[in-house]
Amino acid sequence: MGKALVISEEQHSKRITEQKNLFLELTSTTSGTGICGYVCYYGGDTVSVPYTFDGFSRTKKFLPYIQDNIEYNSIAKLKIGNYEIDEASYSRIEEGISYGSYMGQYDNYESWITYEYFNESWADAFSGSPCLTFWEGFSLPGGSYEKTPTKTIDPYIKEYNKTTQKGGELKLVDYDNLDGDESFICIYSRSNVNSFWSWTEGDESESSQPPATETIEYFLAYKLKGSTTINKVSLGQKIKYTSCQINNKNIVYTYIVEGQTGDKRVIGIINISDSALPIGHRQEFELDFSGTNFDPEGVAAIGVTR
């Protein structure tokens, strides 16, 4: 029985969550003019009185938020028996702050007025009137009112999220062995990804998600009996329909290379024991299947007699 082929992963994750408090100072001003009408209880005299007013308030608001940092790392190792063929690392980092997501609507949190005033100034419209007291006021149409938008004095920290991914993974595509891990061959892929995404509160134009870059490269790895050397060869980024097998004399393998002008099937042979060739001699060639009903661009298996 051949020794087991293992793809192992070591995973590590770390999360740091902190609750922090932000104190915002908010200011608001009001101003305008008005007209009031007054009627005398005695005699019925009426007076229209213009006036102006202005006001100011300062409010302190307690605003708690959560700051989160998550880091995830993994290392994947491709092993055959006691031999390590390759490894790949991957990391993902997420960070951001949030008010409402963890703590409900922050508008409900405590606030208090630290300073305010309101002033009114009335025109002297009562002098000379026979009715000096006992006036009843009522509003008349006219005048204006203005309230400036609330201004934040302290720097407000916007909610945001960012995610960064780097690295990749290993995938076994094909494999064969002889006498445990004395002789073996495998075809595997190694991916590499690089991506970034971010979002910031209040401005959608700040969202950023450029296209992720991902590459996949395929490798051939093999070991010959009596040697401890692992031989690795890159097969490129666009291959498919692989097959491989091993006996006491040769290692054989095949795969299709995808190309813009068409696909081609490649055959490979690695010498194990033929004295006419150097041990470990590897050669590849493209077979010509013209005139046959075999489709060189389709799925195929390769084999040798044991």
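Since the structure is predicted, the reported quantities are computational estimates derived from the model, not experimental observations. (Residues numbered from 1 in each chain as written. Predicted model: local features only at pLDDT ≥ 70, side-chain atom pairs only at ≥ 80, totals over all residues. Heavy atoms only, no water.)

Digging into the environment of Asp54
Stated formally: Every helix listed is a DSSP run of H or I at least four residues long, and every strand listed is a run of E at least two residues long, numbered separately from the N terminus. To sort residues, take the accessible area from a 1.4 Å probe on protein chains only and compare it with the maximum for the residue type: under 20% means buried, over 50% means exposed, and anything in between is partly exposed. By definition, residues are in contact when any of their heavy atoms lie within 4.5 Å.
With respect to the helices and strands, the residue Asp54 is situated in strand β2 (residues 46–80). Residue classification places Asp54 among the partly exposed positions, given a relative accessible area of 30%. As a C-alpha pair, Asp54 and Ser31 span 23 residues in sequence and 4.0 Å in three-dimensional space. If near-sequence neighbours (up to four positions away) are discounted, Asp54 is found in contact with Thr30, Ser31, Tyr117, Phe118 and Asn119.

Digging into the state of the cysteines
The test is simple: Cysteine sulfurs are considered disulfide-paired once they come within 2.5 Å of each other.
Within the structure shown, the criterion is met by zero disulfides. Free of any disulfide, Cys186 has its nearest neighbouring cysteine sulfur in Cys244, separated by 7.9 Å. Judged by its relative accessible area of 8%, Cys244 falls in the buried class.

Examining the sheet that holds strand β13 (residues 239–246)
Rule in force here: One bridge is not enough; two strands pair if DSSP finds at least two bridges between them. Angular values range over 0 to 180 degrees, each being the angle between N-to-C directions of two axes fitted as lines to C-alpha atoms, with helices fitted over their stretch in contact.
Here four strands make up an open sheet; going across it, the order is β13-β14-β15-β16 and the pairing antiparallel. Each having just a single partner strand, β13 and β16 (282–286) make up the two edges of the open sheet. With direction set aside, neighbouring strand axes in the sheet form an average angle of 15 degrees. Two elements, strand β15 (residues 264–271) and β16, share five bridges in a ladder whose sense is antiparallel. Bridge pairing in β16 links Ile267 to Phe285.

Remarks on the nonpolar core
To keep things clear, this is the line we draw: Here the nonpolar core consists of buried residues drawn from Ala, Val, Leu, Ile, Met, Phe, Trp, Tyr and Cys, with membership extended through side-chain atoms lying within 4.5 Å.
Core analysis: the biggest nonpolar cluster contains 18 residues, and Ile185, Leu220, Tyr222, Leu235, Ile251, Tyr253 and Ile270 have the highest contact counts within it. Within the residue set of this core, elements represented by two or more residues are β10 (183–200), β11 (213–223), β12 (231–236), β13, β14 (250–257) and β15. When residues no more than four places from it in sequence are discounted, the contact partners of Ile270 are Leu220, Tyr222, Leu224, Lys249, Asn250, Ile251, Tyr253, Gly280, His281 and Arg282. Core analysis: the second largest hydrophobic core is formed by 10 residues, Ile85, Ala88, Phe184 and Cys186 among them.

Considerations on the environment of Thr29
Counting through the fold element by element, Thr29 comes out in strand β1 (residues 5–40). Thr29 gets classed as partly exposed once you look at its relative accessible area, which sits at 28%. Spatially, the C-alpha atoms of Thr29 and Glu116 are 9.4 Å apart, while their sequence positions differ by 87 residues.

Some remarks on the confidence of the model for the protein chain
Reading predicted coordinates in detail is not appropriate for stretches of low pLDDT. Where we set the bar: pLDDT gives the predictor's per-residue confidence on a scale running from 0 to 100.
Summing up the model confidence of the protein chain, the mean pLDDT is 79 and the portion of residues at 70 or higher is 75%. Within the protein chain, β12 carries the highest mean pLDDT (94), whereas strand β5 (residues 135–139) carries the lowest (46). Counted against residues more than four places away or in other chains, residues 101–106, with its pLDDT under 50, gives 14 contacts. Low pLDDT, under 50, characterises residues 132–138; the predicted model gives this stretch 23 contacts beyond four residues in sequence or across chains.

Here we look at the packing of aromatic side chains
Any aromatic ring pair is given by two values, namely how distant the centres are and how the planes are angled relative to each other. Filter applied, for reference: Aromatic pairs are defined between Phe, Tyr and Trp rings, using the six-membered ring for Trp, whenever the two ring centres lie within 6.5 Å; interplanar angles under 30 degrees are classed as stacked, those over 60 as edge-to-face, and all others as tilted.
One pass over the structure, following the stated rule, counts four aromatic pairs. Ring centres 5.5 Å apart and planes at 20 degrees place the aromatic pair Tyr188 and Phe219 in the stacked group. Here Tyr188 is found in strand β10, whereas its partner Phe219 is found in strand β11, with 31 residues between them in sequence. Comparing Tyr188 with Phe219, the two get one shared label, buried. Considering the side-chain rings of Tyr253 and Tyr255, the 6.4 Å spacing of their centres and the 0 degrees angle between planes classify their relative orientation as stacked.

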